[in-house]
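Each chain is listed here by its residues.
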Amino acid sequence: MIRIDQLCFAVGGFALHELSLDVEAGEYFVLLGASGAGKTLLLECLCGLNRIDSGRIFIGDAEVTHQEPRNRRIGYLPQDYALFPHRTVYQNVAFGLTRTILGGQPLRQRVDELLEMAGVAHLADRLPRNLSGGEKQRVALARALAIRPQALLLDEPVSALDEQTRDSLCQGLKQMQRETRTTTIHVCHNFAEMLTVADHVGIIHQGSI
């Protein structure tokens, strides 16, 4: 489902070295590594935010190596969640849908489904500044899933949360992934977090898996 073939990308003095990886359809894959190992850099290459130096990237049956980010059908959850501060929870989740055709499903129906699934329906009219860290994570995840992505990329999604909240939200992430069957890559540096969610795991160290 996600295939990386001999990917190379260098920035400054750091590089991803001929990196190859296969993630099966519907799999929850965790990429585990210390800070500075290249985890975020790899996700940005998958999203198309970084233009790789060489190698190929496949999502589903299509090669997306040279496609624009908006055409890759990837849901991306960055470390800081990147919610729009001036938009409500509802408006944040609906944002991508206003630019996407959903096969005739009404926008409000789709947003309501996502808010309910993420457990934040009661927060629909709030602004991000009035949300807790866990609530922001759920909203950002609902927004990433809104376009029905082929793949979901999670960059340290619970690293800023306390241990109890982290464990609870990891269980929630796994449950949502089981319901949607979205192929997922989750990067983290926490071993216990990895054990909570992973179907399979890869270790990344100094730009190599």
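Look up: the structure comes first, before these words.
Quick caveat, the model's predicted, so the values are computed rather than measured.

Undergrad: Tell me about the overall build of the protein, residues and numbers included.
TA: The number of helices and strands found in the protein is six helices and nine strands. Here the C-alpha radius of gyration of the protein, 17 Å, is about what a compact globule of 209 residues would show, namely 17 Å. Projecting the C-alpha coordinates of the protein onto the three principal axes gives extents of approximately 45 × 40 × 30 Å. Residues counted as buried form 50% of the 209 residues belonging to the protein. With the model as given, the accessible surface of the protein reaches about 10100 Å², and the carbon-plus-sulfur share is 48%. Once the 21 positive and 24 negative side-chain charges of the protein are each reduced to a mean point, those two points are 7 Å apart.

Undergrad: Please set out empty space enclosed by the protein residue by residue, giving values where relevant.
TA: Here the structure, examined in full by the defined rule, presents one cavity of 30 Å³ or more. The space that makes up the largest cavity amounts to roughly 50 Å³. Forming the walls of the largest cavity are Y28, L141, L145, L152, L154, L173, M176, Q177, T180, T182 and T184. Elements represented by at least two residues in the lining of the largest cavity include exactly helix 4 (133-145), strand 7 (151-155) and helix 5 (163-180). Here the lining of the largest cavity gets four residues from one element, more than from any other, and that element is helix 5.

Undergrad: Please provide a residue-by-residue account of the pattern of salt bridges, values included.
TA: Scanning the model with the defined rule gives five salt bridges in all. K174 is the salt-bridge partner of D199, the closest N and O atoms lying 2.8 Å from each other. Of the two residues, D199 sits in the loop between helix 6 (191-197) and strand 9 (200-203) while K174 sits in helix 5, which places them 25 residues apart along the sequence. Judged by relative accessible area, which is 39%, D199 ranks as partly exposed. Classification of K174 as buried rests on a relative accessible area of 6%.

Undergrad: Mind laying out the environment of E135, listing which residues take part and the relevant values?
TA: Topologically, E135 is positioned in helix 4. Put simply, E135 and L169 are 34 residues apart on the chain and 9.6 Å apart in space, counted from C-alpha to C-alpha. When residues no more than four places from it in sequence are discounted, the contact partners of E135 are V120, L123, R126 and N130. Among the polar contacts made by the side chain of E135, one reaches the main-chain amide nitrogen of S132 at a distance of 2.8 Å.

Undergrad: Let's hear about the packing of helix 4 against helix 5: which residues, and what values?
TA: At their nearest, the axes of helix 4 and helix 5 sit 11 Å apart, and the two run at 15° to each other. Considering their axes alone, helix 4 and helix 5 lie roughly parallel with respect to each other. For helix 4 against helix 5, the interelement crossing comes out right-handed. Where helix 4 abuts helix 5, its residues G134, Q137, R138, L141 and L145 lie against L169, L173, M176 and T180.

Undergrad: Account for the packing of aromatic side chains, naming residues and giving values.
TA: Within this structure, the stated rule accounts for one aromatic pair. Between R3 and the ring centre of F58, over which it is positioned, the NZ or CZ distance is 4.0 Å. One Lys or Arg, R143, reaches over the ring of F84 and ends 5.2 Å from the middle of that ring.

What counts, and at which threshold
Residues numbered from 1 in each chain as written. Predicted model: local features only at pLDDT ≥ 70, side-chain atom pairs only at ≥ 80, totals over all residues. Heavy atoms only, no water. Helix = DSSP H or I, 4+ residues; strand = E, 2+ residues; numbered from the N terminus. Rg over C-alpha atoms; globule rule 2.2 N^0.38 Å. Buried < 20%, exposed > 50% of the residue type's maximum accessible area, 1.4 Å probe, protein only. Areas by Shrake-Rupley, 256 points an atom, 1.4 Å probe, with all protein chains shown as cover. Lys, Arg positive; Asp, Glu negative; His and termini not counted. Charge placed at Lys NZ, Arg CZ, Asp CG, Glu CD. 1 Å grid on protein atoms, 1.4 Å probe; cavity = no way out; pocket = protein on both sides within 12 Å on 5 of 7 lines; lining within 4 Å. Points joined across faces, edges and corners; volume = space filled by probe spheres on them. Salt bridge = Lys/Arg side-chain N within 4 Å of Asp/Glu carboxyl O. Contact = heavy atoms within 4.5 Å. Polar contact = N/O pair within 3.5 Å; in protein donor to acceptor, adjacent residues only side chain to side chain. Axes fitted to C-alpha atoms, helices over the stretch in contact; angles between N-to-C directions. Parallel < 35°, antiparallel > 145°, perpendicular 65-115°, else oblique. Left-handed = near helix turned anticlockwise from the far one by under 90°. Phe/Tyr/Trp six-rings, centres within 6.5 Å; stacked < 30°, edge-to-face > 60°. Lys NZ or Arg CZ within 6 Å of the ring centre and 35° of its normal.

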